[in-house]
Structures are given as C-alpha cells and as structure tokens.
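# What the coordinates show
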Amino acid sequence: MNTGSPPRPRDVPNTLGLHALIWADHWDTEAAERSIRLTADAGYGLVELPVLEPDALDLGRVRRSLGRAGLGVRCSLGLPFDADISSADAAVVARGEDLLNRALEASAELGSPLLTGVLYSALGKYAQPPAASRGGAAGVLRRLADRAAPLGVDLGLEVVNRYESNLLNTCADALRLIDEIGRANVKVHLDSYHMNIEEPDFATPVAQCGPLLGYVHVGESHRGYLGSGHVDLAALFRALVDAGYTGAITFEGFSSPAPAGLGTTLAVWRRLWDDPGDVAVRAREYMESLLAAAAGARAAAAPPRPGHGTAAPRPGHGTAAVR
Ligand code: MN
C-alpha cells in the first residue's frame, strides 16, 4: 500500500507495471537488471520482462534483482515466423512449442504468474489469412496450459492489430480460441494501442472478457507519452473499474532506438521521447489519476451508502502527461 506523502489517490487494487524495453536499446542480463532498478525507481509495482530468447538471460541473477527491487514480474514474448504454432508446417509448429516451453520455464523461474503476448502465432505482418485449422495453435496452447498450471502460471493471449498477427485481432477472436483450448488458466490480454485500431470502442471488449481478462497493456495511439495521443484512456479505465478488474495494468511505450528485432517488428521508427524516466513517471501518475477518476465516477454513480467513501471525480485532473 502507498502510505508515503503525498498520498496517491488509489481506490482500486491494480498493480501498475512497466514494460522493460522502455529503458533498453538492447537486451541482456545487464539490461534486464538496469530496467528492474529504474522501473522500481519510477514507482511501479511490477516490470514486464521479454523472454523472446529465454536462454539469453541469467535467470538467477534477474530473479535476485527483482527481489532486491521488491518488484513483481510478468513475462512476455511474440513468436517468430520460423516458430509459428499457427503454421500449417508441423516442423515450424514444433519449434514454436519448444520455444514456448522454454519461455514457460523461464517465467516460472523468474517468479512470473503470467506468460503472455503473441503466444499463438508469429508477431509480424502476414501476407495471407490464417489457415482454417489455425495450424497447431489450440493443441500446443492446451499442452502449454497443462504444463503451466502446476507451476502457478497463467497464459495470456495478447490481442494485437492486423499488422502484427493475422489470428487474434479482436477480443472476440481471443475468446473463441480460449474456448477451443478449454483450459481455465488461459486469459485474454488487451492492449489499448491495438484496441484503438481494431475494436469498436474501449468498453465493449472489457465487458466481453469479463473474468477472462487477465492482463492489460496501456499504450498511446503512437506508443509515446500517455495522454499525448488520441486513445480514450479515460473510457478504458472506466471500463476496467466497472468490470471489477483487479489485475495488473502495464504501460508499454516504444521509441527509436528500440532493440533490434522487436523494434523492427513493431515498426518503431520514430523518436518519441528523449528521457524514458520522464515518460515512465508521467505514465504512472497519469494511470493513477485515471484509476482514481474512474473509481470516483463509479462511487458517484452508485446509490448512496451511509459511511461509504464518496471521493468525487476531479475534472481537469490527470492531464499532467500531456505535452
Ligand atoms: Mn502490448
């Protein structure tokens, strides 16, 4: 809990997280340790660590760094095309299953309760629609979920826009695949940057997910400073609070120069900031103000209950990140 001064306006229990690559233009154990320190310094409760190459990190060292910083962790990756479990090529699917198994082991070793991202297909722009069978995606993810359950790890399927996968572009797509997988530890991961492109609005997908919403990324329309683009973040946070979502909410921003590979895949060509520390702190403050405003609006809309908190929404609050 936040007991320092000044008090933070938190009425809901979501832990706020930061994607580690905001700090890094390359990725190795030293970069991970530095990201962990800086994320804690910026006031976040958890850090999201990529496990694109699960063997590239000294997991023991990274786990000790997380402990020293007192940070929670979530692990993520997107599959490469040569390890795409939605492929019709069985050898490609097998490579993908092997990579996911190693990423799951890394997640468990780091203490992450979630392995998430584009686990179901390649992360990248496809030149054709998906195979009707979705390759081996449902079967591989069912086996992965069964291995993850005794480790206490949930799987997240991150819904991304049409330029980053051909398989799951909407929340409804993810819910259909989860239904086919049929395992309780597979959840939907929504991201405002992608929702802004593919969904009708920000409230509908959150309501569609209900208790299957397992993780949320918050990103701007250009993936820069929160509040400086046109994503309706107030609507998203109202929907999360109205749905009773108590999971982690992680800010994800990218600016050039980004790490090779992922930066190219995500088309991170523009320099959107000079000081990642400033972006990180402002994003946290902005998300806190949005959560407080959403909680206040919900309390104000509820029938009065004697003795219940009545924090009013504060018009004009929460614009600090605009620049
Ligand atoms: Mn994301």
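Residues numbered from 1 in each chain as written. Predicted model: local features only at pLDDT ≥ 70, side-chain atom pairs only at ≥ 80, totals over all residues. Heavy atoms only, no water.

### As for the side chain of S35
Here S35 shows up in helix α1 (residues 29-41). Overall, S35 belongs to the buried group, its relative accessible area being 1%. Once you skip the residues sitting within four places of it in the chain, S35 turns out to touch A20, W23 and W27. (Helix = DSSP H or I, 4+ residues; strand = E, 2+ residues; numbered from the N terminus. Buried < 20%, exposed > 50% of the residue type's maximum accessible area, 1.4 Å probe, protein only. Contact = heavy atoms within 4.5 Å.)

### Thoughts on the coordination of the manganese ion
The manganese ion binds to the protein through E158 (OE), D191 (OD), H217 (ND1) and E252 (OE), with metal-donor distances spanning 2.0 to 2.2 Å. In primary-sequence terms, the residues that donate to the manganese ion follow E-x32-D-x25-H-x34-E. One end of the pair, D191, is in strand β6 (residues 186-191); the other, H217, is in strand β7 (residues 213-218), with 26 residues separating them in the sequence. Exposure class is identical for D191 and H217. Each is buried. (Donors = N, O, S within 2.8 Å, 3.2 Å for Na, K, Ca; no water.)

### Here's the deal with unusual backbone geometry
It is generally the case that most residues other than glycine have a negative phi and that most peptide bonds are trans. The step from S256 to P257 runs through a cis peptide bond, and the omega angle for that step is 0°. Along the polypeptide, P257 turns up in the loop between β8 (249-251) and α9 (262-265). One non-glycine residue, R223, adopts positive backbone phi at about 65°. If you trace the backbone, R223 turns up in the loop between β7 and α8 (233-242).

### Remarks on the nonpolar core
Of all hydrophobic cores here, the largest spans 94 residues; its most connected members are L115, L141, L157 and I249. If you tally residues by element for this core, the top one is helix α10 (residues 276-301), at 8 residues. (Core = buried A, V, L, I, M, F, W, Y, C linked by side-chain atoms within 4.5 Å.)

### What to know about the packing of α1 against helix α2 (residues 59-69)
Axis separation between α1 and α2 bottoms out at 10 Å; the angle between their running directions is 10°. One way to sum up the angle between α1 and α2 is to call them roughly parallel. Residue-level contacts link T29, E30, A32, E33, I36 and A40 of α1 to R61, V62, S65, L66, R68 and A69 of α2. Broken down by class, the residue content of the contact of α1 with α2 amounts to 6 nonpolar, 2 polar and 4 charged. (Axes fitted to C-alpha atoms, helices over the stretch in contact; angles between N-to-C directions. Parallel < 35°, antiparallel > 145°, perpendicular 65-115°, else oblique. Nonpolar A, V, L, I, M, F, W, Y, C, P; charged D, E, K, R; others polar.)

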